[in-house]
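# Remarks on the overall topology
Spelled out, the chains give:
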Amino acid sequence: MEISVSLTPVNTQTPAEKTAFAILIMISVCHLLNDMMQTLLSAIYPLLQTSYGLSFAQIGAITLTFQGTASILQPMVGFYIDRNPRPYSLAMGMGLTLVGLVLFSQAGSYPILLVAAALVGTGSSVFHPESSRVARMASGGRHGLAQSLFQVGGNAGSAIGPLLAALIVLRHGQTSLAWFSVAALLGIYLLIQVGHWYKRHGLMRLKSRATADVPQTLPRGKVALALAVLLALMFSKFFYMASMSSYFIFYLMDKFHLPVRNAQLHLFVFFGAVAIGTITGGPLGDRFGRKVVIWASILGVLPFTLALPYANLFWTGVLTVPIGMILASAFPAIVVYAQELLPARVGTVAGMSFGFAFGMGGIGAAVLGHLADMTSLAYVYHVCSFLPVIGLLAIFLPDLETESRRRRKPAAVKAL
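Described below are features of the structure shown in this document.

## Let's talk about a nonpolar patch on the surface
- Together, Leu-225, Trp-295, Leu-306, Phe-386, Val-389, Leu-392, Leu-393, Ile-395 and Phe-396 make up an exposed nonpolar region whose accessible area comes to about 810 Å².
- Mapping Leu-306 onto the fold places it in helix H11 (residues 302-307).
- On the basis of relative accessible area, Leu-306 is assigned to the partly exposed category, the value being 30%.

Okay, structure coming up:
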């Protein structure tokens, strides 16, 4: 009787399970294009303020319309796609963003600006939860890395937007926004290719993972508490981010008398730091655990936010770098942590996460704009500097890695 022994290494991961980096890169590029177009809108707020005579509260209302629309619709879209996958819905979402952008470029009144903002928000409501879900499909089990690659595209787009606004839109006026429809058309083309992969391979991965994933076994009370803490942490993060994305340009112009273009370059640096923080947050969560990254990110930014209102121009520029990097590292970890809490509701969790993020950003912009009209922008940044204290609530998050090991032990003992 002969026994043959194969010395060829066995690859335990099938092609259907490997990380699909080409898909992750396409999704990230489309996220860059999508968020670049969105950030262009907020970057030209000074131009709109001059052209239409807008107050800070009216500017906040534009942000609230865009982000509020996305906030309300994203959880609904996520809930729907969990039950009815639509491979080509991403391209349709980018199409809505294209229509909103063109309308924004041609708007002749404040109400039309609000309608255009709502269309862009509707496009985002389709894009974010579904593309986050596709990123998880393509992750090959490296969920934190996949979320970071997906999200860093959006952060890079947010950084590029103010730069392009300074170089192009402020020089050529509001109508030049229509030029960026080329970016939307490129995004639609790439998302159609992603849709092909989604239809051929993504749905197969989805079905195989649905049977392989072990449903969460934490008590409902612990899951509810963890979700409540995550929402509080996201409130802290995105309220502060709203102060930077909507009013940092005005803050620099008011306090340091910077021209608009110089102030937009400072905003570009901040969003660049946000992009770096995002790309590191997911892999760090894969390596050290999501809770550690969440804890360090939200609370760790506190010394820098407290110092910002007292800094001169040089140190303001310096401080925005660690603020952007540390604060941004939390979101990939938060999304993956929430998906691990509810593994059967990946699309719903993504929709809720991005929806809540957009909602807090929109409400934050409106509330802080109203506060700035009543007091001053300097006062707004004093108030916002204390928001990261909410990061102390991370102590109540269960350690999912420890819980998983604890629940596997009895099963292993029983098998013996």
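## Here's the deal with the packing of aromatic side chains
- The final tally for this structure, using the stated rule, is 11 aromatic pairs.
- With 6.4 Å between their ring centres and 40° between their planes, Phe-127 and Phe-150 make a pair best called tilted. Here Phe-127, found in helix H5 (residues 110-137), pairs with Phe-150, found in helix H6 (residues 143-172); they are 23 residues apart in sequence, far enough to count as distant. With respect to class, Phe-127 is no different from Phe-150; both count as buried.
- Where Phe-235 meets Phe-239, the ring centres are 4.8 Å apart and the plane angle is 40°; that geometry is what we call tilted.

## Some thoughts on the environment of His-266
- Summarising the element assignment, His-266 is placed in helix H9 (residues 260-288).
- Each C-alpha atom, one on His-266 and one on Ala-159, is 9.9 Å from the other, the two residues being 107 residues apart in sequence.
- If we skip the residues at most four places from it in the chain, His-266 touches Phe-248, Leu-252, Leu-258, Leu-313 and Gly-317.
- Only 3.1 Å separates the side chain of His-266 from the backbone oxygen of Asn-262, close enough to count as a polar contact.

## A look at the pattern of salt bridges
- Summed over all chains, the structure comprises two salt bridges.
- Taking the shortest distance from any N to any O, the salt bridge between Arg-133 and Glu-130 comes out at 3.4 Å. Here Arg-133 pairs with Glu-130, and both are found in helix H5, just three residues apart, close to one helical turn. With respect to burial, Arg-133 and Glu-130 carry one shared label: buried.
- Across the pair Arg-290 and Glu-340 runs a salt bridge, and its minimum N-O distance is 3.1 Å. In this pair, Arg-290 is assigned in helix H10 (residues 290-300) and Glu-340 in helix H13 (residues 330-341), connecting sequence segments 50 residues apart.

Definitions and cut-offs
- Position labels on residues start from 1 in each chain and follow its written sequence.
- The predicted nature of this model means local features are confined to residues of pLDDT at least 70 and side-chain atom pairs, given and counted, to a pLDDT of 80 or more, with totals for whole chains, interfaces and linings taken over all residues.
- Calculation of side-chain values draws on the structure's entire complement of heavy atoms; hydrogens and water are dropped beforehand.
- Every patch collects residues that have over 30% relative accessible area and no salt bridge, joining them within 9 Å if they carry like charges and within 5 Å if they are nonpolar side chains (Val, Leu, Ile, Met, Phe, Trp, Tyr).
- Note that accessible areas follow from Shrake-Rupley with a 1.4 Å probe, and for residues the cover is restricted to the protein chains shown.
- Salt bridges are identified by distance alone: a Lys or Arg side-chain nitrogen within 4 Å of an Asp or Glu carboxyl oxygen.
- What counts as a helix is a DSSP run of H or I of at least four residues, what counts as a strand is a run of E of at least two, and both are numbered from the N terminus.
- Whether a residue is buried, partly exposed or exposed follows from its accessible area with a 1.4 Å probe, protein chains only, as a fraction of its type maximum: under 20%, in between, or over 50%, in that order.
- Only rings of Phe, Tyr and Trp enter the pairing, Trp through its six-membered ring, and a pair is recorded when the two centres are within 6.5 Å. The plane angle decides the type: under 30 degrees is stacked, over 60 is edge-to-face, the rest tilted.
- By definition in these notes, contact holds between two residues if any of their heavy atoms fall within 4.5 Å.
- Under this definition, polar contacts are N or O atom pairs within 3.5 Å; protein pairs additionally need one hydrogen-donor-capable and one acceptor-capable atom, and for neighbouring residues in sequence, both atoms have to be side-chain atoms.

These values are about where atoms sit, not about what they do.
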